[in-house]
Amino acid sequence: MKVSSLSQEQLRQSLSGAGLNFRIGGFVFRIRSSLAAVIDGLALLYADYPLAPHNEFADFHVEVRRPHGPRRWFRPQVLFFFDGRPWFKPLPLKHALAMLEWGLNWCVYGHVNQYLIIHGAVVEKDGYAAIFPGGPGVGKSTLCAGLVARGWRLLSDELVLVSTADGRIAPLPRPVSLKNDSIELIERFYPDAVIGPRIAATEKGTIAHLRPPADSVARAEEYAQPGWVIFPAYESGAATQLTTQPKGLGFMRAARGTFNYHVLGLAGFQALANLIDTCRCFKLIYSDLDDAVAHIARLEPPSVATRKASAP
Amino acid sequence: MGWSALENATLYSRTWGDETLVYSEASGDTHLLGPVDATVLDFLQKGSATIPDLVAHIVERLGIEEDDELYFYVSELLDKLETLALAEHTRR
């Protein structure tokens, strides 16, 4: 049963009652909220997500709601609750959907340690994952959305989950967070895109969320082999440059962007070293999304590149 | 006086061309080393060595010319490795 199989009223009743169990990748999130922005946002952006039975174990229990007190009546705010406790400072009520998205990210990167978690986007084609490590503002979400528009499978826009058991990449497909100018850019680049409401004046500027393709959601338990690690850098007006990145340097850059490298200790070192060992590493400077996507599409998988390099 | 790798410090490494990554299980830190640095640390893991021993090993291993600059570099490198809890003084 998918979210879209519920009527808006059923969705509202479930979310504002005991909560609704969403299956997202390998996790179950129980989400509660009676806020219209959250209910409408979930109905639009999570339409293709499978629901888990209410009696199934939920990994994360979250709620987004308004605080009690006089704040209800002037400059209304919203809080994110995890396991019944509020976390983070309150945000303006109009940022409720953004707060839910940020909170869901935090649930995973703050609590999950069976994966090495790299801050970055990751997409897949023909079984191989292209990983784009990077913090805010490097252009990874725009690239991610651009590649998804051209048929790549969305694994995640924010969190790259590297299995410490076998090195494969676990999908966590969630809405892609587009910011500022990239919202209009993706609307032009991807006419079929379903994009949620613009949320203005957040600490990241105006943001809007791109709904993941139904196929990416349906294949959310299908892992991918790591193929490429590409460090993106958006530079206004720059010609596309896709150049090889030395692996050692790539390791250090990727390690700086992890959430739990130090928590995992030796297992983290081995997981990241194996990832870098397996992948081809690049640095990408771009301003033209179409051209950047075309450059990435021409990359050969590591196995093919290795065969060619060792050919007589 | 000589130098050796820090006793009981278990190190794990990975090498790609001229780059060597070293992970210290004791500190939890990861270091990216160039070829000279990695050669020195590798030698120190096998036992105690003086600066002339290390310079001779680098010259033989990497084909670098022996000069005062190399002695100075190795001396400074050992101080850095000590600060990073990767190497220590020995009595030799």
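Residues numbered from 1 in each chain as written. Chains lettered and ligands numbered in written order. Predicted model: local features only at pLDDT ≥ 70, side-chain atom pairs only at ≥ 80, totals over all residues. Heavy atoms only, no water.

Visitor: Sorry if this is basic, but what is going on with the side chain of Arg30 of chain A here?
Guide: All names here are of chain A. As for its position among the elements, Arg30 is in strand β2 (residues 27–32). With no salt bridge to any partner, buried Arg30 finds its closest opposite charge in Glu56, at an N-O distance of 9.0 Å. In terms of polar contacts, Arg30 uses its side chain to reach the side chain of Asn21, at 2.8 Å. Arg30 has contacts with Ala18, Gly19, Leu20, Asn21, His54, Glu56, Ala58, Phe60, His61 and Val62, leaving out every residue within four places of it along the chain. (Helix = DSSP H or I, 4+ residues; strand = E, 2+ residues; numbered from the N terminus. Buried < 20%, exposed > 50% of the residue type's maximum accessible area, 1.4 Å probe, protein only. Lys, Arg positive; Asp, Glu negative; His and termini not counted. Salt bridge = Lys/Arg side-chain N within 4 Å of Asp/Glu carboxyl O. Polar contact = N/O pair within 3.5 Å; in protein donor to acceptor, adjacent residues only side chain to side chain. Contact = heavy atoms within 4.5 Å.)

Visitor: Would you take a moment to explain a negative patch on the surface for this structure?
Guide: Judged by side-chain charge, Glu65, Glu66, Asp67, Asp68 and Glu69 of chain B come together as a negatively charged surface patch. Secondary-structure assignment places Asp67 of chain B in the loop between α2 (51–62) and α3 (68–83). (Patch = residues over 30% accessible without salt bridge, like charges linked within 9 Å, V, L, I, M, F, W, Y side chains within 5 Å. Areas by Shrake-Rupley, 256 points an atom, 1.4 Å probe, with all protein chains shown as cover. Charge placed at Lys NZ, Arg CZ, Asp CG, Glu CD.)

Visitor: What is the right way to read the environment of Glu82 of chain B from this model?
Guide: Residue and element names in this part refer to chain B. On the secondary structure map, Glu82 appears in helix α3. Glu82 sits in the partly exposed class, given a relative accessible area of 34%. For the pair Glu82 and Ala5, spaced 77 residues apart in sequence, the C-alpha separation works out to 8.8 Å. When sequence neighbours within four positions are dropped, the list of residues in contact with Glu82 reads Trp3, Ala87 and His89.

Visitor: What exactly am I supposed to notice about the packing of aromatic side chains here?
Guide: Centre-to-centre distance and the angle between the planes together describe a pair of aromatic rings. Residue and element names in this part refer to chain A. Inspection of the entire model under this criterion finds 19 aromatic pairs over all chains. An aromatic cluster is present here, built from Phe27, Phe29, Phe60, Phe80, Phe82, Trp87, Phe88 and Trp106 joined pairwise through their rings. Positioned over the ring face of Phe189 is Arg150, at 3.8 Å from the centre of the ring. (Phe/Tyr/Trp six-rings, centres within 6.5 Å; stacked < 30°, edge-to-face > 60°. Lys NZ or Arg CZ within 6 Å of the ring centre and 35° of its normal.)

Visitor: Would you explain the pattern of salt bridges in this entry?
Guide: When their charged atoms lie close together, side chains carrying opposite charge are able to pair. All names here are of chain A. As enumerated under the stated definition, the model contains 15 salt bridges over all chains in all. Between Glu124 and Arg219 there is a salt bridge, with the nearest N and O atoms lying 3.8 Å from each other. Within this pair, whereas Glu124 is found in strand β6 (residues 115–125), its partner Arg219 is found in the loop between α6 (214–218) and β14 (225–234), the two being separated by 95 residues in sequence. Glu124 gets classed as buried once you look at its relative accessible area, which sits at 5%. The exposure class assigned to Arg219 is partly exposed, which follows from its relative accessible area of 25%. Residues Arg219 and Glu222 are paired through a salt bridge, measuring 2.7 Å at the closest nitrogen-oxygen approach. Here Glu222 falls in the partly exposed class, since its relative accessible area comes to 36%. Salt bridges linked by common partners bring Glu124, Arg153, Asp215, Arg219 and Glu222 together as one network.

Visitor: Quick question: what am I supposed to make of the interface of chain B and chain A here?
Guide: How big an interface is tends to be stated in terms of accessible area lost as the parts join. Across the boundary between the two partners, chain B contributes 12 residues, which contact 16 residues of chain A. Taken over both partners, the interface formed by chain B and chain A buries close to 1,200 Å², and the fraction arising from carbon and sulfur atoms is 66%. Taken as a group, Arg14, Trp16 and Tyr23 of chain B account for 47% of the area that chain B buries against chain A, more than any other trio of residues on that side. Between the two partners, chain B and chain A, sit 1 salt bridge. Arg14 of chain B is the partner of Asp277 of chain A in a salt bridge, and the nearest nitrogen-oxygen pair spans 3.5 Å. Where chain B touches chain A, the interface holds 9 residue pairs in polar contact (both at pLDDT 80 or more). (Buried area = accessible area lost by both parts, 1.4 Å probe.)

From the geometry alone we can't say anything about function, so treat these as descriptive.
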